[in-house]
Amino acid sequence: GVRPTAARDAGQGQAGSDGKCPVMPEIISQPTNQTATVGQTTSFSVTAAGTAPLSYQWSLNSTNINGATNTTLTLGNVQLSDAGSYSVTVSSPYGVATSSNAVLRVNQPPVADATATTPLVISTNNSNATVVLNGSLSFDPDGDSLQYFWHWTGEPDPLATGIIAAVVLPVGTNAITLEVNDGLISTEHTITVEVITPAQAVARLEALVKVDVSKNQDLIASLNAALASINCRNLTAAGNQLRAFQNKVRAQISPLDAVLAQTLINDAQNIINAITGFHGSKASAINV
C-alpha cells in the first residue's frame, strides 16, 4: 500500500499556498432581464465565487463587449442597438463559468399628438364651449397600449382622460397638454385651443375678406350688418344676413376662386350654427 506520508505529500502538491484546494468559478447570482427606454441607463450584475483571481467578460449576443470586465455592466444612453441577450464569463486559473442569458428589451417612448383637436371654436353662449380633445394621432412605436391624460398646461391633475375627451373651455386662449403613457414612460404635447364669441368670429371673417377679396364692399356690408345684429342680440337677423353673405360669395367669388369661396361659406355657416344653436351645446369650428 501507499505510505501515509506519500499520500499527504501528493495532496499538498494540488493545494494552494494557503493549503486549501482551489475552487473553480461558480455563478452564485445570475444577471436578470431588464427593460429600459431609449436614452435611459440600465445595468446587469453577477455574483460569482471561486478561488481568486476571478476575471469577468460580458458579451452581447455572444460577442464580447470591449472593456466590460467588471461584476456589473452599466449601459448609459440606451439605444435600440443595445437590445439583445447579455451574459458574462467568469474565469480563473482553475476554470471557467458562464452565466445564463439576460435579455434587454429597449422601449421606445410613445408619441403624443393632439393636433387632431380643432384649434379654434365658436362659443354658442358667449361664455364657453364644449370642445372635443382628440389624441387619435398619437402612437407607440413598439405597439404598446397607451393611456391618455389631458391637463390644463402646468396642472398635475388631469382635466380628462381617454383618446377622445369632451371638455368645456372658457372663451379665450386655452393651453391644453396631452400626456400619453406606455406603462414605462410618458410623453407630452401641448396645444392651444381658442374659444371665440360669434361676434369675434364675424370680425375675423371680415378681416379675411378684406385681405383676400379685392372688391369686397358688398360682402363687408353684409358682415357689418350681421355683427350689429349679434351685438343687439337679434340672432335671427344675424343669421339671415350671414346667409345673404353666403349667397353673395357664391355669386361673386366662386367663379373666380372656388377654394376661397368655400372657405368663406363654411366659416359663415359655422357662425350661423353657433348663433342659432344648430349643434345644441356643441361648439363649431372655424377656419379663419
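Anyway, here's the lowdown on the structure attached to this text. (Residues numbered from 1 in each chain as written. Predicted model: local features only at pLDDT ≥ 70, side-chain atom pairs only at ≥ 80, totals over all residues. Heavy atoms only, no water.)

Turning our eyes to something else, we now look at the packing of aromatic side chains. Inspection of every chain in the model, using the stated rule, returns 2 aromatic pairs. With 4.8 Å between their ring centres and 25° between their planes, Phe 44 and Tyr 86 make a pair best called stacked. Note that Phe 44 is positioned in strand β3 (residues 42–45) and Tyr 86 in strand β8 (residues 84–92), a separation of 42 residues in sequence. Judged by relative accessible area, Tyr 86 falls into the buried class, the value being 1%. Connected via pairs of aromatic rings, a cluster forms that spans Phe 44, Trp 58 and Tyr 86. (Phe/Tyr/Trp six-rings, centres within 6.5 Å; stacked < 30°, edge-to-face > 60°. Helix = DSSP H or I, 4+ residues; strand = E, 2+ residues; numbered from the N terminus. Buried < 20%, exposed > 50% of the residue type's maximum accessible area, 1.4 Å probe, protein only.)

Right, let's get into a nonpolar patch on the surface. A surface patch of nonpolar side chains, about 240 Å² in accessible area, is lined by Val 132, Ile 163 and Ile 164. Here Val 132 shows up in strand β12 (residues 128–134). Under the relative-accessibility criterion, Val 132 is labelled partly exposed at 48%. (Patch = residues over 30% accessible without salt bridge, like charges linked within 9 Å, V, L, I, M, F, W, Y side chains within 5 Å. Areas by Shrake-Rupley, 256 points an atom, 1.4 Å probe, with all protein chains shown as cover. Salt bridge = Lys/Arg side-chain N within 4 Å of Asp/Glu carboxyl O.)

In this model, helix α3 (residues 217–231) (15 residues) spans 21 Å end to end at C-alpha, consistent with the 21 Å of a helix rising 1.5 Å per residue. Within α3 the residues assigned to the buried category are Leu 219, Ile 220, Ser 222, Leu 223, Ala 226, Ser 229 and Ile 230. In this structure, the buried residues of α3 make contact with α2 (198–212), α4 (235–252) and α5 (258–276). Immediately downstream of α3, the backbone of Arg 233 shows phi near 65°, a positive value. (Expected span 1.5 Å × (residues − 1). Contact = heavy atoms within 4.5 Å.)

One pass over the structure, following the stated rule, counts 4 salt bridges. For Arg 105, the salt bridge identified is with Asp 144, shortest N-O distance 3.1 Å. One end of the pair, Arg 105, is in strand β10 (residues 102–107); the other, Asp 144, is in the loop between β12 and β13 (147–152), and 39 residues separate them in sequence. With relative accessibility at 35%, the residue Arg 105 sits in the partly exposed group. A relative accessible area of 24% places Asp 144 in the partly exposed class. The salt bridge involving Asp 218 is made with Lys 248; its shortest N-O contact spans 3.0 Å.

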